[in-house]
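The chain contents come next:
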Amino acid sequence: MKLTEATIEEVLQELEQGPLTPEFSLAQLEFWQYLNSETFLGLKAAEHQLLFFVLSVIYHSYSRVIELPDFDIDLFQKSEDDLWAQREGYKSWPIALDNFFESSTEEDIMAFVEDMITEEEPEELTELGKEVVFITAFAYILFLSSG
C-alpha cells in the first residue's frame, strides 16, 4: 500500500490540533516497549522525541488506509537488522539514503521522515541519531506496508 502525501498531511494537521489518541502506544505495545528499551538509550532526548513523533505519524497514516497487522517483533527486527547491514555497505549516509529510497515504493512517507531528520536544529540531532531514526522508521514502514 502506497501512502500519499495527502494522507500524511491530514495526520500532521490533526497533530497540530493536539495529540492524537495514545492508540499507537497501546495498539503496538510490543513495539512501544522495544522503542523504550536499552537499544535506544544512546539517543538524545530530542532524537527520542523525534523518533516517537515520526513513528506515530507513520502509524496513524497507515491506519487510515489499511488494516494494520499485529506487530511482530522478530519480523521487524529482521528488517531493521537487514537495513543496518545495507547501511554498513555504503561509504556515506547520503549514498545509503539514496539507495534506501531507490529500494522503496513508499517515497512520500520516506520523504517525510527524511525531512524530519534534516529540518531539525543541527545541534539537536547527532549524525548517528539521524540514521537511527530513519532506519527504525524505514523498518516500520516496510513492516506495515508488507502486512
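Residues numbered from 1 in each chain as written. Predicted model: local features only at pLDDT ≥ 70, side-chain atom pairs only at ≥ 80, totals over all residues. Heavy atoms only, no water.

Q: Would you mind going over the pattern of salt bridges with me for this structure?
A: Pairing is possible between side chains of opposite charge, provided their charged atoms come close. For the coordinates displayed, the defined rule picks out 6 salt bridges. Between R64 and E14 there is a salt bridge, and its shortest N-O distance comes to 2.8 Å. Placement of the pair is R64 in the loop between α4 (45-63) and α5 (73-88) and E14 in helix α1 (residues 5-17), with a sequence separation of 50 residues. By relative accessible area, which is 32% here, E14 ends up partly exposed. The residue K78 makes a salt bridge to D82 at a minimum N-O spacing of 3.0 Å. Of the two residues, K78 and D82 both sit in helix α5, 4 residues apart, roughly one turn of that helix. One salt-bridge network, in which partners are shared between bridges, spans E10, E14 and R64. (Salt bridge = Lys/Arg side-chain N within 4 Å of Asp/Glu carboxyl O. Helix = DSSP H or I, 4+ residues; strand = E, 2+ residues; numbered from the N terminus. Buried < 20%, exposed > 50% of the residue type's maximum accessible area, 1.4 Å probe, protein only.)

Q: Got a minute to help me understand the environment of F76 in this structure?
A: Considering the arrangement of structural elements, one finds F76 in helix α5. In this structure, F76 is in contact with F31, Y34, F71, T136, A139, Y140 and F143, ignoring residues within four places of it in sequence. (Contact = heavy atoms within 4.5 Å.)

Q: Help me understand the side chain of T136 in this model?
A: Mapped onto the secondary structure, T136 falls in helix α8 (residues 127-146). With residues near it in sequence (within four places) discarded, T136 still touches L35, F40, L51, L55, F76 and E80.

Q: It is not clear to me how the side chain of K130 should be interpreted in this structure. Could you clarify?
A: The residue K130 is located in helix α8 in this model. Setting aside its immediate chain neighbours within four residues, K130 contacts I117 and L125.

Q: Help me out: how do you make sense of the packing of α4 against α8 in this one?
A: Each pair of packed helices can be summarised by the angle the axes make with each other and by the distance between the axes. Running from N to C, α4 and α8 point in directions that differ by 20 degrees, and their axes come no closer than 10 Å. As far as their axial angle goes, α8 and α4 are roughly parallel. Read as a crossing pair, α4 and α8 show a hand that is right-handed. Across from E47, L50, L51, V54, L55, I58, Y59 and Y62 in α4, the residues of α8 making contact are G129, V133, T136, A137, Y140, I141, L144 and S145. Residues belonging to the contact of α4 with α8 are distributed by class as follows: 12 nonpolar, 3 polar and 1 charged. (Axes fitted to C-alpha atoms, helices over the stretch in contact; angles between N-to-C directions. Parallel < 35°, antiparallel > 145°, perpendicular 65-115°, else oblique. Left-handed = near helix turned anticlockwise from the far one by under 90°. Nonpolar A, V, L, I, M, F, W, Y, C, P; charged D, E, K, R; others polar.)

Q: Looking at this structure, how should I read the packing of aromatic side chains?
A: Two aromatic rings, taken as a pair, are described by how far apart their centres are and by the angle between their planes. With the rule as written, the count across this model stands at 15 aromatic pairs. Taking the centre distance of 5.3 Å and the plane angle of 85 degrees together, the rings of Y34 and F40 count as edge-to-face. Residue classification places F40 among the buried residues on the basis of a relative accessible area of 3%. Plain terms: the ring middles of F71 and F76 are 5.6 Å apart, the flat faces sit at 45 degrees to each other, and that makes the pair tilted. (Phe/Tyr/Trp six-rings, centres within 6.5 Å; stacked < 30°, edge-to-face > 60°.)

Q: It is not clear to me how the confidence of the model for the protein should be interpreted in this structure. Could you clarify?
A: The predicted model of the protein has a mean per-residue pLDDT of 90, with 94% of residues at 70 or higher. Summarising per-element confidence for the protein, the mean pLDDT is lowest in helix α2 (residues 23-27) (79) and highest in α5 (96). (pLDDT = per-residue confidence, 0-100.)

Q: I keep staring at the environment of E114 and nothing clicks. Help me out?
A: Residue placement: E114 occurs in helix α7 (residues 107-119). Setting aside residues no more than four positions away along its own chain, E114 makes contact with L97, F101 and F134.

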